[in-house]
Amino acid sequence: MPLALLALAVGAFGIGTTEFVMMGLLPDVADDLHISIPAAGHLVSAYALGVVIGAPLLAAATARMSRRTVLIALMALFVAGNALSAFAPGDGSLLAARFVSGLPHGAFFGVGAVVATSMVAPERKARSVSLMFLGLTVANVAGVPVATLMGQHLGWRATFLGVSAIGLAAIASLALLIPRDHTHASATGLRGELAALKPLPVWLALGTTVAGFGALFAAYSYVTPMLTGSAGFAEASVTLLLALFGVGATVGNLLGGRLADHSLRGTLFGGLAALAVVLAFFPLLMGAEWSAAVAVTLLGMAAFVTGSPLQLMVMEKASAAPSLASSANQAAFNLANAGGAWIGGLALAAGFGVTSPALTGAALAVLGLGVAGVAYAVDRRRETPSAGRVVTSHLPAESGALHR
C-alpha cells in the first residue's frame, strides 16, 4: 500500500475527531455560552447539515481541478472552520462555524476514495479505501476521548484549536505524499458528473447506505441510556465503552476492506446480515455488563464491515463521476445519522423501552438487505447478454494507474 494513504488517514482522523467530539463537549459549551443543552445540540445538527450540503456541491464545483489540489483546499477549509469555532464569540457564530467545518467532510472522503483507489492495483481497491477510513475509526478510539479531556480541562475552545493543528498536519502530509501525476481532474466535467448520477443502480447503492447506516445510528445514538439504564453501568464508564465501539469499528473496517477485495457483494450482504443479528439480540445482551461490552464492540465491527464495500459500490455504479458519487455517498451516511437517530427516538418516545431503538435498527438493517437485494437483481438483469453483448460497469481507467 502506498504511503500516500497515510496522508488521507491523517485528514480522516481530524475530521472524525471534530465530528464526534461535540457530543462530549455539549455541557461545557452550553455553560460557557449560557444556552440550554438542547440548543447546544443544534451544533451537532449544523455540522451534519454542512456535510450533506457540502459533499455534492464541493465535489461538483471542483470536478475539473486536480484532486491533489482539491484535497489540500478542502483540508484548509476544515482548518478555517475549526479555528472559527475556537474563537466564536457566541452561539450564533459557533453554529455558523460548525456548519463551515462540516462542508469539506463529505467531499474530502469522496475525492480521497477516488485518489486512494487510483494508487493501488485493482484487487486492492477496497483495502485502500478502508485504510483511509482507518483515520475515522481510530478517531473514535483515541481522538475523541483525548479531545474531550482536553476540552474539560483546558476549555472547549482549546479542543478546536487542537483539531485545527491536526488539519495543518494533514495539509503538510497531503502536500508531501500525494503524487502530482496521478490526481488529474475528471475528463467528464460537471455536466458529465451530474449525468452519471442518474442511473437507478447508483440510487439503489445510495439507498443501501442510508438504510444500512441508519440501522447503526438508530441504536448508537441512544447507546448511553442503554448502557446505564439497562446494563447498569455508571456514567463514568461510558467513555471506555464507547472506545470499545471504536475498536470494533476499526477491526470491522479493516476486515471489510480485505474481504470486499475478494467479494464486494458478499461482504456487503454478510455485513448487513450480521448487523441485523447483533441489533436483534441487543436487548438481551444489555442484560449484563460483560455482554453489553461485547455487544457494543460487535456493533462497531458489524456496521463498519460494510463501509468500504458501500463506498466502492457507489463509485462503480457511477464510474463516469467517481468523485461526485463518492461524495454523495458521504452525504448519505449523514442522512443515515440523522434519520436513524430520529427513528430510534420514535421508539423511545412511544414507550417501548430503553433498548427499543436497537430493534428499530435491526428492522432498518433488514431494509438495507432488501435494497441491496433489489440492486443485485437490477445488476443481474443489466448484465444479461443482449444481442451478443454484456453490459457491465467498472471504475474509470485511472483506478489502478499507479501500482506500488
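Higher on the page you've got the structure.
Asker: Would you mind showing me how to read the overall build of the protein here?
Answerer: Each helix and strand counted, the protein has 16 helices and zero strands in total. In the protein, buried positions account for 55% of the 404 residues. Relative to all contacts within the protein whose residues are 6 or more apart in sequence, the contacts with residues 24 or more apart total 85%. Total accessible area on the protein stands at roughly 15700 Å², and carbon and sulfur atoms take up 70% of it.

Asker: Help me out: how do you make sense of empty space enclosed by the protein in this one?
Answerer: Think of a ball as big as a water molecule: rolled over the atoms, this probe shows where empty space is left. Summed over the entire model, instances satisfying the criterion amount to two cavities of 30 Å³ or more. Computed from the structure, the largest cavity encloses a volume of approximately 290 Å³. Around the largest cavity, the lining is made up of 18 residues, and of these Leu-136, Phe-213, Phe-217, Phe-304 and Phe-333 lie nearest the centre. Elements that contribute at least two residues to the lining of the largest cavity include exactly helix 1 (4–33), helix 5 (125–154), helix 8 (200–220), helix 10 (238–260), helix 14 (307–317) and helix 15 (322–349). Ranked by residue count, the leading element in the lining of the largest cavity is helix 15, at four residues. The residue inventory of the lining of the largest cavity, partitioned by class, reads nine nonpolar, eight polar and one charged.

Asker: What am I meant to see in the nonpolar core here?
Answerer: Across soluble globular proteins, you tend to see nonpolar side chains buried next to one another. The biggest cluster of nonpolar side chains holds 59 residues, and the ones touching the most others in it are Leu-216 and Met-286. Among the elements that make up this core, the one with the highest residue count is helix 8 (10 residues). Formed by 34 residues, the second largest nonpolar core is a distinct cluster that contains Ala-7, Val-111, Met-132 and Ile-178.

Asker: Would you mind showing me how to read a nonpolar patch on the surface here?
Answerer: A surface patch of nonpolar side chains, about 270 Å² in accessible area, is lined by Leu-49, Ile-53 and Leu-57. Structurally, the position occupied by Ile-53 is in helix 2 (residues 37–61). On the basis of relative accessibility, which here comes to 33%, the residue Ile-53 falls in the partly exposed class.

Asker: Hey, could you run me through the packing of helix 10 against helix 13 (residues 289–304) in this one?
Answerer: Packed helices, taken two at a time, are described by the angle their axes make and the gap between the axes. Interaxial distance between helix 10 and helix 13 falls to 7 Å at its minimum, and their mutual angle equals 35 degrees. For the element pair helix 10 and helix 13, the recorded crossing hand is right-handed. Residue-level contacts link Leu-241, Leu-244, Phe-245, Gly-248, Ala-249, Val-251, Gly-252 and Asn-253 of helix 10 to Ala-293, Val-296, Thr-297, Leu-299, Gly-300, Met-301 and Phe-304 of helix 13. Looking at the contact of helix 10 with helix 13 residue by residue, the class counts come to 10 nonpolar, five polar and no charged.

Asker: Looking at this model, I keep getting lost on the pattern of salt bridges. Mind explaining?
Answerer: Here the idea is simple: oppositely charged side chains can pair when their charged atoms come close. Scanning the model with the defined rule gives four salt bridges in all. Between Asp-32 and Arg-157 there is a salt bridge, with the nearest N and O atoms lying 3.8 Å from each other. One end of the pair, Asp-32, is in helix 1; the other, Arg-157, is in helix 6 (residues 156–177), with 125 residues separating them in the sequence. Here the salt bridges share partners, and the residues they tie into one network are Arg-265, Lys-317 and Asp-379.

Asker: Whenever I open this one, the packing of aromatic side chains confuses me. Can you help?
Answerer: Any pair of aromatic rings gets described here by the distance separating the centres and the angle formed by the planes. Throughout the structure, instances matching the rule amount to eight aromatic pairs. For the ring pair Phe-245 and Phe-304, a centre distance of 6.4 Å and an interplane angle of 75 degrees mean the geometry is edge-to-face. Here the residue Phe-245 occupies a position in helix 10, and Phe-304 occupies one in helix 13, the gap between them amounting to 59 residues. Just as Phe-245 is buried, Phe-304 falls in that class too. Connected via pairs of aromatic rings, a cluster forms that spans Phe-213, Tyr-220, Phe-245, Phe-304 and Phe-333.

Asker: Mind showing me how you'd approach the packing of helix 5 against helix 14 here?
Answerer: Interaxial distance between helix 5 and helix 14 falls to 9 Å at its minimum, and their mutual angle equals 120 degrees. The angle between helix 5 and helix 14 falls in the class oblique. Note that helix 5 runs across helix 14; the crossing there is right-handed. Between helix 5 and helix 14, the contacting residues are Lys-125, Ala-126, Val-129, Ser-130 and Phe-133 on the first element and Gly-307, Ser-308, Gln-311 and Leu-312 on the second.

Asker: When you look at helix 5 in this model, what are you seeing that I'm missing?
Answerer: Given 3.6 residues per helical turn, the α-helix brings residues three or four places apart onto the same face. Taking 1.5 Å per residue as the helical rise, helix 5 with its 30 residues ought to reach 44 Å, and the 41 Å between its terminal C-alpha atoms agrees with that figure. Its maximal kink placed at Ala-139, helix 5 deviates by approximately 55 degrees. Positive backbone phi, at 100 degrees, marks Gly-155, one or two positions downstream of helix 5.

Asker: Is there a simple way to explain the environment of Arg-258 in this structure?
Answerer: Structurally, the position occupied by Arg-258 is in helix 10. A relative accessible area of 47% means that Arg-258 is categorised as partly exposed. Each C-alpha atom, one on Arg-258 and one on Arg-124, is 7.9 Å from the other, the two residues being 134 residues apart in sequence.

Asker: Explain unusual backbone geometry here, please?
Answerer: Glycine aside, the phi torsion of most residues is negative, and most peptide linkages are trans. If you check the backbone angles, His-34 has positive phi at about 60 degrees while not being a glycine. Mapped onto the fold, His-34 is located in the loop between helix 1 and helix 2. Judged by relative accessible area, His-34 falls into the exposed class, the value being 73%.

Asker: Explanation requested: the side chain of Asn-334 in the structure shown.
Answerer: Here Asn-334 shows up in helix 15. Judged by its relative accessible area of 5%, Asn-334 is buried. In this structure the side chain of Asn-334 is engaged in a polar contact, spanning 3.1 Å, whose partner is the backbone oxygen of Gln-330. Every residue in contact with Asn-334, bar those within four places of it in the chain, is listed here: Glu-19, Ala-48, Val-51, Val-52 and His-105.

The rules behind these values
- Residues numbered from 1 in each chain as written.
- Predicted model: local features only at pLDDT ≥ 70, side-chain atom pairs only at ≥ 80, totals over all residues.
- Heavy atoms only, no water.
- Helix = DSSP H or I, 4+ residues; strand = E, 2+ residues; numbered from the N terminus.
- Buried < 20%, exposed > 50% of the residue type's maximum accessible area, 1.4 Å probe, protein only.
- Contact = heavy atoms within 4.5 Å.
- Areas by Shrake-Rupley, 256 points an atom, 1.4 Å probe, with all protein chains shown as cover.
- 1 Å grid on protein atoms, 1.4 Å probe; cavity = no way out; pocket = protein on both sides within 12 Å on 5 of 7 lines; lining within 4 Å.
- Points joined across faces, edges and corners; volume = space filled by probe spheres on them.
- Nonpolar A, V, L, I, M, F, W, Y, C, P; charged D, E, K, R; others polar.
- Core = buried A, V, L, I, M, F, W, Y, C linked by side-chain atoms within 4.5 Å.
- Patch = residues over 30% accessible without salt bridge, like charges linked within 9 Å, V, L, I, M, F, W, Y side chains within 5 Å.
- Salt bridge = Lys/Arg side-chain N within 4 Å of Asp/Glu carboxyl O.
- Axes fitted to C-alpha atoms, helices over the stretch in contact; angles between N-to-C directions.
- Left-handed = near helix turned anticlockwise from the far one by under 90°.
- Phe/Tyr/Trp six-rings, centres within 6.5 Å; stacked < 30°, edge-to-face > 60°.
- Parallel < 35°, antiparallel > 145°, perpendicular 65-115°, else oblique.
- Expected span 1.5 Å × (residues − 1).
- Bend = angle between axes of the 7 residues up to and from the residue.
- Polar contact = N/O pair within 3.5 Å; in protein donor to acceptor, adjacent residues only side chain to side chain.

Worth remembering: the numbers are spatial, not functional.
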